[in-house]
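Understanding the architecture of this molecule
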Amino acid sequence: MGEDAAALRAGGRGLSDPWADSVGVRPRTTERHIAVHKRLVLAFAVSIVALLAVTMLAVLLSLRFDECGASAAPGADGRPASFPEGGGNASLPGPARRNHHAGGDSLQPEPGGVGTPETPSAPPPSEEEREQRPPWTQLRLSGHLKPLHYNLMLTAFMENFTFSGEVNVEIACRNATRYVVLHASRVAVEKVQVAEDRAAGAVPVAGFFLYPQTQVLVVVLNRTLDAQRNYNLKIIYNALIENELLGFFRSSYVLHGERRFLGVTQFSPTHARKAFPCFDEPIYKATFKISIKHQATYLSLSNMPVETSVFEEDGWVTDHFSQTPLMSTYYLAWAICNFTYRETTTRSGVVVSIFSLMMFLDTVYFLTLITNNYL
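Described below are features of the structure shown in this document. (Residues numbered from 1 in each chain as written. Predicted model: local features only at pLDDT ≥ 70, side-chain atom pairs only at ≥ 80, totals over all residues. Heavy atoms only, no water.)

This paragraph deals with the overall build of the protein. Helix and strand content of the protein: 5 helices and 19 strands. Across the 375 residues in the protein, those meeting the buried criterion constitute 36%. Excluding contacts between residues fewer than 6 apart, the proportion of contacts in the protein whose partners are at least 24 apart in sequence is 63%. Carbon together with sulfur atoms contributes 58% to the accessible area of the protein, which is approximately 22,300 Å² in total. (Helix = DSSP H or I, 4+ residues; strand = E, 2+ residues; numbered from the N terminus. Buried < 20%, exposed > 50% of the residue type's maximum accessible area, 1.4 Å probe, protein only. Contact = heavy atoms within 4.5 Å. Areas by Shrake-Rupley, 256 points an atom, 1.4 Å probe, with all protein chains shown as cover.)

On inspection of all chains with the given rule, the structure shows 16 aromatic pairs. Ring geometry for Tyr150 and Phe288: centres 4.7 Å apart, planes at 5 degrees, overall stacked. Highlighted residues: Tyr150 in strand β3 (residues 145-157) and Phe288 in strand β13 (residues 287-295), separated in sequence by 138 residues. An identical accessibility class is assigned to Tyr150 and Phe288; each is buried. Between Phe248 and Trp334 the ring centres are 5.6 Å apart and the planes differ by 70 degrees, which places this aromatic pair in the edge-to-face class. Pair noted here: Phe248 is in strand β11 (residues 247-255) and Trp334 is in strand β17 (residues 334-337), with a separation of 86 residues, a long-range link. For Phe248, a relative accessible area of 3% translates into the label buried. In this structure Trp334 comes out as buried when scored by relative accessible area, which is 3%. (Phe/Tyr/Trp six-rings, centres within 6.5 Å; stacked < 30°, edge-to-face > 60°.)

Before going further, it helps to spend a moment on the pattern of salt bridges. Tallied over the full model, the rule gives 9 salt bridges. Between Asp280 and Arg273 there is a salt bridge whose closest N-O contact spans 3.0 Å. On the accessibility criterion, Asp280 (2% relative accessible area) is buried. Given the relative accessible area of 7%, Arg273 is considered buried. Linked by salt bridges that have partners in common, Glu196, Arg223 and Arg229 make up one network. (Salt bridge = Lys/Arg side-chain N within 4 Å of Asp/Glu carboxyl O.)

What follows is about the sheet that holds strand β12 (residues 258-266). Spatially, the 4 strands line up as an open sheet ordered β11-β12-β17-β14, and their pairing is antiparallel. Whereas interior strands pair on both sides, the edge strands pair on one side only; in this sheet they are β11 and β14 (299-302). For this sheet, the mean inter-axis angle between neighbouring strands, taken without regard to orientation, is 15 degrees. As defined by bridge partners, β14 adjoins β17 across 4 bridges and the pair is classed as antiparallel. (Pairing = 2+ DSSP bridges. Axes fitted to C-alpha atoms, helices over the stretch in contact; angles between N-to-C directions.)

Here we come to the environment of His271. With respect to the helices, strands and loops of the structure, His271 is situated in the loop between β12 and β13. Overall, His271 belongs to the buried group, its relative accessible area being 13%. Linking His271 and Leu246, residues 25 residues apart in sequence, is a C-alpha distance of 6.3 Å. In this structure, His271 is in contact with Leu246, Gly247, Gln266 and Asp280, ignoring residues within four places of it in sequence. A distance of 2.8 Å separates a polar atom in the side chain of His271 from a polar atom in the side chain of Lys274. (Polar contact = N/O pair within 3.5 Å; in protein donor to acceptor, adjacent residues only side chain to side chain.)

Below, the discussion takes up the sheet that holds β3. Spatially, the 8 strands line up as an open sheet ordered β7-β6-β10-β4-β3-β13-β16-β15, and their pairing is mixed. The outermost strands of the open sheet, each flanked by one partner alone, are β7 (201-203) and β15 (306-311). Direction aside, neighbouring strands of the sheet carry axes that sit 20 degrees apart on average.

Let us now look at unusual backbone geometry. Following Ser268, the chain continues to Pro269 via a peptide bond in cis, the omega torsion being 0 degrees. Within the element layout of this structure, Pro269 appears in the loop between β12 and β13. Its identity as a non-glycine residue notwithstanding, Phe161 has a phi of 55 degrees, on the positive side. Assignment of secondary structure puts Phe161 in the loop between β3 and β4 (162-173). You can call Phe161 buried: its relative accessible area is 16%. Of note in the backbone geometry, His256 takes a positive phi value of approximately 55 degrees without being a glycine.

Further remarks concern the nonpolar core. The tendency in soluble globular proteins is for nonpolar side chains to be buried side by side. Counting residues in each nonpolar core, the largest one holds 60 residues, and the members touching the most others are Tyr150, Leu217, Leu225, Leu233, Phe276, Phe279 and Trp334. In contact with Leu225, not counting residues within four places along its chain, are Leu145, Cys173, Ala176, Thr177, Val180, Val194, Val203 and Tyr231. One finds Phe249, Tyr253, Leu255 and Val264 within the second-largest nonpolar core, a separate group that totals 7 residues. (Core = buried A, V, L, I, M, F, W, Y, C linked by side-chain atoms within 4.5 Å.)

Further remarks concern the environment of Leu221. Tracing the chain through its elements places Leu221 in strand β9 (residues 216-225). When its relative accessible area of 0% is taken as the criterion, Leu221 is described as buried. Distance in space between the C-alpha atoms of Leu221 and Thr177 is 9.0 Å, their sequence separation being 44 residues. The residues touching Leu221, leaving out its near neighbours within four places in the chain, are Arg178, Val180, Val194, Val203, Pro204, Val205 and Ala206.

Structure (structure tokens):
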């Protein structure tokens, strides 16, 4: 009795040792672990279901995209399936949208139109299939037209780094074609005209559009150009003097604490198209005659010497340069700057001119004179 009373006074722990050994208390931490495991399994199941749903949606969208590309594939006549027959707007390519300008209709391509890329597993197209594809979707120019001479007139606005241009290209038509396709990139074309000669008059232009995928300008005509005849292509455009080292770009330097700017060109290998619409492939050689209009505080340079300079009352001057030899577009160059120069003539009669900053010119000129003594 005494032992039982003592056990009861000890807080109810009066069970005998056999009872204490047979009774096991279930820890509460095990229940918490089971609840956490159930939540993890449920979250994993939900993520699997979401992944399956996203995969099914991606497959459906891919099938839909393939159907849209197939509907816009070029037809048997080499034009897009949506290219309508007939006159008026029917003469314009289907995958282009109209943009009215003062001198013509500018068309911009819509995404998903012509030029749907082929799958890697598809066999390469045959020569006949390549001829049936629209010429503006091909990586190389078709060769139906050949440039003979460029007459390029530029006006540079160095205060806001823009320029406007007018290029007249004399082209020879080798094969009859209804499209004039040449390179152009990062230029805004305002007007396009095509003419044969004064007697035949102008060739009606249905419209034109830029195709950025292959960096070309496409001029759609209302009639076919005749083979073995020459035509004149006139394009009026404007663009930015870019802030990169390609095309017609700008640079700057600091002289006596003042930052000054200049505009120069880098056309090699395929960046002349960023400065003016042209046949920008090395095989298309032609002659060039350049005219540059700029503020009188600047001077202009090009491949050839200046023939004449026309000064205007509003502080502008136009420099007309001599015609270049037959050459590719990437050989063409010009610069607009306010450098000064020194000039000398070699023993063989070659005139050597050096343009530089005034602070460096005397040293460079001295070194040039020393070099010329050994020419």
